[in-house]
Amino acid sequence: MQKYFLCRYEELTEGQSKGFSLGDTAAGTDNVFAVMKDGEVYAYKNSCPHRGINLNWQEDQFLDPDGALIQCASHGALFLIETGECIAGPCTGDALTPVPVEHTAEGLYVLLAE
C-alpha cells in the first residue's frame, strides 16, 4: 500500500468535497476525492461505476446541489456519501470504490494499492 497526503484538516470542511491527483495520473485528472459529512471523512476513487469516467465536471464539485449525495456530473447517478452505494441512475446497486483514510497530526492521508 502506498500512503498519499491529501490535505490538512482545515482544508476540507463540513459538507465540502475536494478532488486530489495522486501518484501517476494525467495532468488535471483527480483520481480520488474526499467528502466530509457529520465530522467524518469519506474518500473514493474518482470513477463512476457506470462508465469509469470522472464524477465531476468542475473542480471539487462531487455533490448534488443540496450537498446530501455524491452525484455523477455525466449522467446524474446519485451515491450515498457514507457507503458510496448508487441509489439512483444507470448504475443503481453498484458502488464507488472506497479509499481508506488515515488521520494523523499533519492531516489526512489515503492508502492506495500500488
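Residues numbered from 1 in each chain as written. Predicted model: local features only at pLDDT ≥ 70, side-chain atom pairs only at ≥ 80, totals over all residues. Heavy atoms only, no water.

The chain is annotated in an unreviewed UniProt entry as Ferredoxin subunit of nitrite reductase or a ring-hydroxylating dioxygenase from Microbulbifer donghaiensis.

### Notes on unusual backbone geometry
Selection criterion: Strands are runs of DSSP state E lasting at least 2 residues, helices are runs of H or I lasting at least 4, and numbering of each runs from the N terminus.
Non-glycine residue Asp38 carries a positive phi angle of around 55°. Take Asp38: it is sitting in the loop between strand 3 (32-37) and strand 4 (40-45).

### Side note on the environment of Val35
Tracing the sequence through the fold places Val35 in strand 3. With 23 residues separating them in the primary sequence, Val35 and Leu12 have C-alpha atoms 7.6 Å apart.

### Let's talk about the pattern of salt bridges
Note the cut-off: For salt bridges, the criterion is a side-chain nitrogen of Lys or Arg within 4 Å of an Asp or Glu carboxyl oxygen. Type-normalised accessible area, obtained with a 1.4 Å probe on protein chains alone, sets the label of each residue: buried when under 20%, exposed when over 50%, and partly exposed for intermediate values.
Under the criterion given, the structure shown has 5 salt bridges. A salt bridge links Glu102 to Lys3, with the nearest nitrogen and oxygen atoms 2.7 Å apart. One end of the pair, Glu102, is in strand 8 (residues 101-103); the other, Lys3, is in strand 1 (residues 2-7), and 99 residues separate them in sequence. On the basis of relative accessible area, Glu102 is assigned to the partly exposed category, the value being 26%.

### Things to note about the sheet that holds strand 8
Just so we agree on the cut-off: Only when DSSP finds a minimum of two bridges between them are two strands counted as paired. Orientation is described by axes fitted as lines to C-alpha atoms, over the contacting stretch for helices, and by angles from 0 to 180 degrees between their N-to-C directions.
Spatially, 1-9-8 is the arrangement adopted by the 3 strands of the open sheet, whose pairing is antiparallel. Taken across any chain shown, the strands that pair with only one partner, and hence form the sheet edges, are strand 1 and strand 8. Mean inter-strand twist for the sheet, computed between neighbouring axes without regard to direction, equals 35°. Bridge analysis of strand 8 against strand 9 (residues 108-112) gives 3 bridges, and the strand direction is antiparallel. Residue pairing for strand 9: Glu102 is matched across the bridge by Tyr109.

### Here's the deal with the pairing of strand 4
In the sheet, strand 3 pairs with strand 4 via 6 bridges, with the strands oriented antiparallel. Bridge pairing links Lys37 to Glu40 in strand 4.

### Focus: the confidence of the model for the chain
Applied cut-off: pLDDT: the predictor's confidence for each residue, scored from 0 to 100.
Here the chain averages 90 in pLDDT, and 92% of its residues register 70 or above. The secondary structure element of the chain with the lowest average pLDDT is strand 9, at 89, and the one with the highest is strand 6 (residues 78-80), at 98.

### Here's the deal with the nonpolar core
Condition: As used in this record, nonpolar core signifies buried Ala, Val, Leu, Ile, Met, Phe, Trp, Tyr and Cys residues forming a set joined through side-chain atoms within 4.5 Å. Only heavy atoms matter for contacts: two residues are in contact if any of them lie within 4.5 Å across the pair.
Grouped together as the largest cluster of nonpolar side chains are 16 residues, with contacts concentrated most on Phe33, Leu55, Ile70, Phe79 and Leu96. Counting residues per element, the ones that place at least two in this core are strand 3 and strand 4. Excluding residues within four positions of it along the chain, Leu96 makes contact with Phe33, Tyr44, Ser47, Pro49, Leu55, Ile70, Phe79 and Gly84. Core analysis: the second largest hydrophobic core is formed by 14 residues, Leu6, Cys7, Met36 and Ala43 among them.

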